[in-house]
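# Coordinate analysis (summary)
So you can see what is in the structure, the chains are spelled out below.
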Amino acid sequence: SQQGEEDPQALSIQEGENATMNCSYKTSINNLQWYRQNSGRGLVHLILIRSNEREKHSGRLRVTLDTSKKSSSLLITASRAADTASYFCATDQGAQKLVFGQGTRLTINP
Amino acid sequence: GAVVSQHPSWVICKSGTSVKIECRSLDFQATTMFWYRQFPKQSLMLMATSNEGSKATYEQGVEKDKFLINHASLTLSTLTVTSAHPEDSSFYICSARDLLKGDDYGYTFGSGTRLTVV
C-alpha cells in the first residue's frame, strides 16, 4: 500500500495543551498536506509544506517535514474544544494525486 | 473561494438499484476531480480521477462498471454506483483543486455522501 502511517491513531488531551501528530510516508513527494475532518463531514485543508521546506507555521499550527526520514509532524498549540476532529496527512506524489495517511483522532477535553 | 458542493449528503437505496452522486465546483473550473471512499474510522481511499471530456482513471481494484464516472463539464463530475449492494455502503467524497490558486490552498473537498444500501 502506498498509504502512510500516522501516530498516534487516537489522542486525548486537555484543553489548552499542545497536540502533536506524526505522519510517515513511503515514496518521494512534491509536498505534504494536512487536513482536518469533523465527524461525517468533508475534509478541510489546513497547511501545505513543500518537499524543500523543513518547517511551516500557520496560526496555532506548526508543521515539520523531514524528507530523509520520510516523516512529518503537526503541532497544534493551545488546543481548543473545537479542535476535536480527525487529522490526516496527505502526500502529493504527482499528477495531482493525494495519498492519505490513516489519520489521528484528536479529542480535546474541556 | 474554491467551494465544492456535493449532493446528496446521504442516501438510502435498495439493493440492485443505482445511485448518482454529484460533485460541483461552484466558483472555479475543475478539469480534474477526484473521488474517494472512506469506511468508518478509516482513511480516504482514492477510487478514481475524473477528467473533463475524457474517460476517468480508476485506481487498481476499483470496478469501472460498478462505479461510473462522468465529467461532462468543467464544473460537474458525477459518480454513479450501479447495482448497489450492501458492501457498497460507505462515505464517498469528491475533491478538486482550483489551479488558478497556488499550491498553498490545497484541495477542496465536498461535504461527502453517506450511502446506505439495504
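As a starting point, this report considers the structure included with it. The model shown is predicted, which means the values in this text are computed figures rather than measured ones.

Helix and strand counts for chain A come out as zero helices and eleven strands. The helix and strand sequence of chain A, counted from the amino end, reads β-β-β-β-β-β-β-β-β-β-β. By the compact-globule yardstick of 13 Å for 110 residues, chain A fits well, its C-alpha radius of gyration being 13 Å. Counting all 110 residues of chain A, 47% fall into the buried class. Partitioning the contacts of chain A with sequence separation of at least 6, the portion at a separation of at least 24 is 53%. Here chain A contributes 13 positive and 10 negative side-chain charges, whose respective centroids are spaced 5 Å apart.

Listed per partner, the contact involves 22 residues of chain A and 24 residues of chain B. With both sides pooled, the region where chain A packs onto chain B buries about 1,800 Å², and carbon together with sulfur makes up 50% of that total. Scanning the region where chain A abuts chain B turns up two salt bridges. There are seven residue pairs in polar contact (both at pLDDT 80 or more) connecting chain A and chain B. Those elements that place two or more of their residues in the side of chain A that touches chain B are β4 (31–37), β5 (43–50), β9 (85–92) and β10 (98–100) of chain A. Here the residues of the side of chain A that touches chain B are counted per class, giving six nonpolar, ten polar and six charged.

A separate point is a nonpolar patch on the surface. A cluster of nonpolar side chains, Trp10, Ile12 and Val118 of chain B, forms an exposed patch at the surface whose accessible area comes to about 380 Å². For Ile12 of chain B, the position within the fold is in strand β2 (residues 10–13).

A separate point is the sheet that holds strand β7 (residues 67–73) of chain B. Residues and elements named next belong to chain B. With antiparallel pairing, four strands are arranged side by side in an open sheet as β1-β3-β8-β7. At either end of the open sheet lies a strand with only one pairing partner, and these are β1 (4–7) and β7. Averaged over all adjacent pairs, the angle separating strand axes in this sheet is 15°, with direction ignored. Relative to strand β8 (residues 76–81), β7 is paired through five bridges, and the arrangement is antiparallel.

On to the pattern of salt bridges. Considering all chains together, one arrives at seven salt bridges over all chains under this definition. Between Lys56 of chain A and Glu53 of chain A there is a salt bridge whose closest N-O contact spans 4.0 Å. For Glu53 of chain A, a relative accessible area of 22% gives the class partly exposed. Taken together, the salt bridges that share partners define one network made up of Arg50, Glu53 and Lys56 of chain A together with Asp104 of chain B.

This part covers the pairing of β5 of chain A. All names here are of chain A. By the criterion of burial, β5 is predominantly enclosed, with six of the eight residues buried. Across seven bridges, β4 lies against β5 in antiparallel orientation. Its bridge partner being in β5, Trp34 is matched across the sheet by Ile47. Here β4 folds back onto β5, and the loop between the two strands holds five residues, one of which, Gly40, carries a positive phi near 70°.

This paragraph deals with the nonpolar core. Grouped burial of nonpolar side chains is what soluble globular proteins tend to show. Residues Trp35, Tyr58, Phe67, Ile69, Leu79, Tyr92 and Leu115 of chain B are the most contacted members of the largest nonpolar core, which totals 26 residues. Of all the elements in the fold, those that place two or more residues in this core are β2, β3 (19–25), β4 (32–38), β5 (44–51), β7, β8, β9 (90–96) and β11 (113–117) of chain B. Judged by nonpolar contacts, the second largest core, of 22 residues, contains Trp34, Ile49, Ile76 and Leu106 of chain A.

Residue and element names in this part refer to chain B. In this structure, His71 sits in strand β7. Sequence spacing of His71 and Lys55 is 16 residues, and the spatial spacing of their C-alpha atoms is 8.2 Å. Residues within four places of His71 in sequence aside, it is in contact with Ala30, Thr31, Thr32, Met33, Ser50, Asn51, Glu52, Gly53, Leu76 and Ser77. Within the local environment of His71, its side chain forms a polar contact with the backbone nitrogen of Glu52, the two atoms lying 3.5 Å apart.

Looking now at the state of the cysteines. All names here are of chain A. Within the structure shown, the criterion is met by two disulfides over all chains. The residue that forms a disulfide with Cys23 is Cys89, at a sulfur-sulfur distance of 2.0 Å. Handedness of the Cys23-Cys89 disulfide follows from its S-S torsion of about 70°: it is right-handed. In this pair, Cys23 is assigned in strand β3 (residues 19–24) and Cys89 in strand β9, connecting sequence segments 66 residues apart. When its relative accessible area of 2% is taken as the criterion, Cys23 is described as buried.

What counts and how
Residues numbered from 1 in each chain as written. Chains lettered and ligands numbered in written order. Predicted model: local features only at pLDDT ≥ 70, side-chain atom pairs only at ≥ 80, totals over all residues. Heavy atoms only, no water. Helix = DSSP H or I, 4+ residues; strand = E, 2+ residues; numbered from the N terminus. Rg over C-alpha atoms; globule rule 2.2 N^0.38 Å. Buried < 20%, exposed > 50% of the residue type's maximum accessible area, 1.4 Å probe, protein only. Contact = heavy atoms within 4.5 Å. Lys, Arg positive; Asp, Glu negative; His and termini not counted. Charge placed at Lys NZ, Arg CZ, Asp CG, Glu CD. Buried area = accessible area lost by both parts, 1.4 Å probe. Salt bridge = Lys/Arg side-chain N within 4 Å of Asp/Glu carboxyl O. Polar contact = N/O pair within 3.5 Å; in protein donor to acceptor, adjacent residues only side chain to side chain. Nonpolar A, V, L, I, M, F, W, Y, C, P; charged D, E, K, R; others polar. Patch = residues over 30% accessible without salt bridge, like charges linked within 9 Å, V, L, I, M, F, W, Y side chains within 5 Å. Areas by Shrake-Rupley, 256 points an atom, 1.4 Å probe, with all protein chains shown as cover. Pairing = 2+ DSSP bridges. Axes fitted to C-alpha atoms, helices over the stretch in contact; angles between N-to-C directions. Core = buried A, V, L, I, M, F, W, Y, C linked by side-chain atoms within 4.5 Å. Disulfide = S-S within 2.5 Å.

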